Amino acid sequence: MGMVMIKCPETGDAISTGIETDRERFRCSAVFFSRTYCRVCAATHEWFAREAWVYEPALDSRLPGGWQASRAGAA
């Protein structure tokens, strides 16, 4: 299982949406719209599933670049 992540439009940092799932389930999910509060810039960001990816630390630790190398958007 991993955490659905988005990029803060203000800082460019990866932030957690609080949604936990695996990459395949997220890839197959319906396209949706959501909002996430960002602790980095203290704002609420609106986003679509296609802009998000699932970060799975156990898988990403062996890839150079961490979450950036494993970005998997929604279909």
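Shown above is the structure to which this text applies.
As the structure is a prediction and not an experimental result, all values here were calculated from the model.

How each quantity is defined
- Each residue is numbered by its place in its chain's sequence as written, counting from 1.
- Thresholds applied to this predicted model are a pLDDT of at least 70 for local features of residues and 80 or more for the giving and counting of side-chain atom pairs; totals over whole chains, interfaces and linings are not thresholded and use all residues.
- Side-chain metrics rest on all non-hydrogen atoms present in the structure, leaving aside hydrogens and water.
- Elements are defined by DSSP. Helices are runs of H or I of four residues or more, strands are runs of E of two residues or more, and each kind is numbered from the N terminus.
- To sort residues, take the accessible area from a 1.4 Å probe on protein chains only and compare it with the maximum for the residue type: under 20% means buried, over 50% means exposed, and anything in between is partly exposed.
- Contacts were defined at the residue level, with two residues in contact if any of their heavy atoms lie within 4.5 Å.
- A 1.4 Å probe and the Shrake-Rupley method give the accessible areas. Residues count as covered only by the protein chains that appear here.
- What makes a salt bridge here is a side-chain nitrogen of Lys or Arg within 4 Å of a carboxyl oxygen of Asp or Glu, nothing more.

## Focus on the overall build of the protein chain
Within the protein chain, the regular secondary structure consists of two helices and five strands. In the protein chain, the succession of α and β elements from N to C terminus is β-β-α-β-β-β-α. When the 75 residues of the protein chain are sorted by exposure, 29% land in the buried category. Across the protein chain, every contact between residues at least 6 apart in sequence was considered, and the portion connecting residues at least 24 apart equals 43%. Summed over its atoms, the accessible surface of the protein chain is roughly 4700 Å², and 51% of this surface lies on carbon and sulfur atoms.

## Points about the environment of Ala52
Examined against the element boundaries, Ala52 turns out to sit in the loop between β4 (43–48) and β5 (53–55). Each C-alpha atom of the pair Ala52 and Lys7 lies 7.7 Å from the other, and the pair is 45 residues apart in sequence.

## Here we look at the pattern of salt bridges
All told, the structure shown has three salt bridges when counted by the stated rule. With its nearest N and O atoms 3.1 Å apart, the salt bridge here joins Arg23 to Glu56. Of the two residues, Arg23 is situated in helix α1 (residues 23–28) and Glu56 in the loop between β5 and α2 (57–60); the sequence distance between them amounts to 33 residues. Between Arg35 and Glu46 there is a salt bridge, with the nearest N and O atoms lying 3.1 Å from each other. One end of the pair, Arg35, is in strand β3 (residues 33–38); the other, Glu46, is in strand β4, and 11 residues separate them in sequence.

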